[in-house]
Amino acid sequence: MVWDEFKDTAGERRLFQRRALVMLVMVFLVLAGLLGRMYQLQLVEHETYTTLSDKNRVQVQSVPPPRGLVYDRSNLLLAENRPVFSVTIVPERVDDMAATLTGLQAILDVSEEDRQRFERRLDEYRRPFEAIPLSYDLSEDEIARLSVRRHEFPGVEVQAELVRHYPHSELTAHALGYVGRINRDELARIDPVNYAGTNYIGKSGIERFYEQVLHGQVGYQNVETNARGRILRVLERENPVPGEDLQLHLDLRLQRKAHELLEGRRGTIVAIEPSTGGILALASVPSFDSNKFVTGISAREYRKLSTDIDQPLFNRALRGQYPPGSTIKPMMAVAALDSGVTTREKEIWDPGYYQLQDSGRRWRDWLRSGHGWVDLIEAVAESCDTYFYEMGVEMGVDTMHHYLSAFGFGEDATLDVSGALEGILPSREWKRANRDEPWYPGDSVNMSVGQGFFLATPLQLATATSLIANRGVWVEPRLLKDIKGERSVQEFLPAQTHKPLTLKNPDDWEYVIDTMEAVMHGAKGTARRAGAGASYRMAGKTGTAQVFSLGQDEEYDAEEIRERLRDHALFVGFAPTDEPKIAVAVIVENGGGGSAVAAPVARELFDAWLEDFPAADHAPLVEPDADGGSL
């Protein structure tokens, strides 16, 4: 009974009811808050969170365009694209980069150099969320091993990409150039939108000059990805526009022939089609495998190439600057005739040397006993230095500079040949600026035979020879022949700027060509051995350029001179003389005499182009002249 007295059932009921009411209010408030938040998320902020969700699920990726292909004049493929599988990493999706790289090195053939290259690119430059390649050209076994363990490496993908490949890399390396990875400086100047997703850019040669044409236009695709960033499906795609395919004047057969003729030597051959200015061959030997530079050459391989004493990386055809020697005598003959310094009938006595003063220095002729009485045609055919010594002094540096510059010396006269040097065409002003000395008559003596300060590139020599073949009509050298698309060549090929070289007597062109014919077919021509037995008439000029100077009373003895100090052998010429189809410049470094070494090389090149290759490529040949000389 006492217990019943203390028990307050009604009070307990009221207490429970109050507590239950408080809990219900709290539950209601929580539910109301949840419903309000759901309303805010689902209705008020629906678009915002839908966008954020799609950004996690849907991504916009750039699709790089296939690079345009490059063909030779006969539509033989010179530069193509081949698929390569690479391991790439998106740094933003990797938590521990060091552990990821170490793990990949354990299952893939990733060299320490590849890792260092990747880390350098990671630190130096990259676009946000850009996939940076770690290792190239994976094997099937490597792809399989990585596929099994892909879940261990977030942000790591195996990507297939089209990479530039040169089927004839050593033949075309110096003519085409090559592409390579985009570096920091290039990234700063290119269009970031159009190059999104593109890893390669033209580094030299045609690949660089026509980068805008070859690259194309980038495409895009919307893709759905999972939480690890891997693509589940493509939602929408805008295809890229491939780069334009180019056709060059270059002829792969002639290019191969040029390399074969120079095999085992150091030298260069440039061949031009006079009527179009098209460069048929541009060979620099030795050469290198340009494919090694596309994805990144190793430091060891690059060091081997760059320290090679034969300099395979050096483009002798465009950047080699040589004393032109006697190869400029036809150009000097044009200058002397047109300026009135000499005539076709003028003769001089050659005792084997030339002196400005009776007791002064003697400039020697290559024939120490002298040529006796010679006129201009004999001076060119026999390469009489004394005739040109006297003629050069009479003309003076100003006249020689005027005419030689009209032949393209001292400038890069090409339209689309990237990297060509200008050589040195000396003048009074040049010597004062570079040597702080006045011009002396002895300087004119040296310049008249292509020595002294005068330096020319093989491409310049071929260009000047082509101008003679064209009888003064300028057609600037170019590599591009056609664009295989809707765009025109004129849209990208620079305009010509040179005016024809008009002579007071236009017949002087034919006379100078006759002097060059006498070099090849004359009874005393310096290259009569090379011209013997030809089924066509050719014009040429041999040359020998000193690598080091001899004293006045010293004699040249090739056997006693180290091989790399011997004279360079040179030749310029064109064929056939009446309707020229090819003009060439040949330089064989330390080869000795031009008549014995360079002229036979040019003859074989002429034969290959005019006779050995399909006749459909050329017009009918000129009939052989009856009085062609032989030795």
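Residues numbered from 1 in each chain as written. Predicted model: local features only at pLDDT ≥ 70, side-chain atom pairs only at ≥ 80, totals over all residues. Heavy atoms only, no water.

A.B. asks: Pulling in residues and values, what's your account of the packing of aromatic side chains?
C.D. replies: For any pair of aromatic rings, geometry is given as the distance between the ring centres together with the angle between the planes. The tally for this structure, following the rule as stated, stands at 13 aromatic pairs. When the ring of W430 is compared with that of F453, the centres are 5.3 Å apart and the planes differ by 50°; the resulting orientation is tilted. Of this pair, W430 sits in helix 17 (residues 428–435) while F453 sits in the loop between helix 18 (441–448) and helix 19 (458–469), placing them 23 residues apart in sequence. For the pair W430 and F453, a shared accessibility class is recorded, and that class is buried. Of note, R362 hangs over the ring of Y353, and the distance from its end group to the ring centre comes to 4.0 Å. (Phe/Tyr/Trp six-rings, centres within 6.5 Å; stacked < 30°, edge-to-face > 60°. Helix = DSSP H or I, 4+ residues; strand = E, 2+ residues; numbered from the N terminus. Buried < 20%, exposed > 50% of the residue type's maximum accessible area, 1.4 Å probe, protein only. Lys NZ or Arg CZ within 6 Å of the ring centre and 35° of its normal.)

A.B. asks: Residue-level account of the packing of helix 14 (residues 329–339) against helix 16 (residues 385–406), with values.
C.D. replies: One can describe the packing of helix 14 onto helix 16 by two numbers: an axis separation of 9 Å at closest approach and a directional angle of 75°. One way to sum up the angle between helix 14 and helix 16 is to call them roughly perpendicular. Here K329, M331, M332, A333, A335, A336, D338 and S339 of helix 14 lie close against helix 16, whose contacting residues are D385, F388, M391, M395, T399, M400, Y403 and L404. Looking at the contact of helix 14 with helix 16, its residues break down into 11 nonpolar, 2 polar and 3 charged. (Axes fitted to C-alpha atoms, helices over the stretch in contact; angles between N-to-C directions. Parallel < 35°, antiparallel > 145°, perpendicular 65-115°, else oblique. Contact = heavy atoms within 4.5 Å. Nonpolar A, V, L, I, M, F, W, Y, C, P; charged D, E, K, R; others polar.)

A.B. asks: So, the side chain of Q247: which residues are in play, and what are the values?
C.D. replies: Following the sequence through the fold, Q247 ends up in strand 10 (residues 245–248). Q247 sits in the buried class, given a relative accessible area of 8%. When neighbours within four sequence positions are excluded, Q247 is seen to be in contact with Y71, D72, R73, S74, N75, L479, L480, K481, D482 and K484.

A.B. asks: Tell me about a nonpolar patch on the surface, and please be specific about residues and values.
C.D. replies: On the surface, a cluster of nonpolar side chains totalling about 580 Å² of accessible area is made up of V27, V30, L31, L34, L35 and M38. Here V27 lies in helix 2 (residues 9–44). Since its relative accessible area comes to 43%, V27 is described here as partly exposed. (Patch = residues over 30% accessible without salt bridge, like charges linked within 9 Å, V, L, I, M, F, W, Y side chains within 5 Å. Areas by Shrake-Rupley, 256 points an atom, 1.4 Å probe, with all protein chains shown as cover. Salt bridge = Lys/Arg side-chain N within 4 Å of Asp/Glu carboxyl O.)

A.B. asks: Explain the pattern of salt bridges to me, and be specific about the residues and the numbers.
C.D. replies: Taken as a whole and judged by the stated rule, the model has 23 salt bridges. Across the pair R316 and E589 runs a salt bridge, and its minimum N-O distance is 2.8 Å. Here E589 lies in the loop between strand 20 (582–588) and helix 22 (594–612) and R316 lies in helix 13 (residues 316–319), a separation of 273 residues in the sequence. Taking relative accessible area as the criterion, R316 reaches 1% and is therefore assigned buried. Exposure remark for E589: the relative accessible area of 13% places this residue in the buried category. A salt bridge links R471 to E510, with the nearest nitrogen and oxygen atoms 2.9 Å apart. Placement of R471 in the loop between helix 19 and strand 17 (480–484) and of E510 in helix 20 (residues 507–521) is noted, with a sequence separation of 39 residues between them. The network of salt bridges with common partners includes R67, R164, E207 and E211.

A.B. asks: Run through the sheet that holds strand 18 (residues 539–545), naming residues and quoting values.
C.D. replies: An order of 12-11-20-19-18 is seen for the 5 strands of this open sheet, with the pairing classed as antiparallel. Strand pairing shows two members of the sheet lacking a second neighbour, strand 12 (278–285) and strand 18, which therefore form its edges. Neighbour-to-neighbour, the strand axes of the sheet open up by a mean angle of 5°, direction not taken into account. Pairing of strand 11 (residues 267–273) with strand 12 involves 7 bridges; the strand directions are antiparallel. Bridging across to strand 12, G267 finds its partner in V285. Sheet strands touched by helix 22: strand 11, strand 12, strand 18, strand 19 (568–575) and strand 20. Its angle to strand 19, the strand with the most contacts, is close to 35°. (Pairing = 2+ DSSP bridges.)

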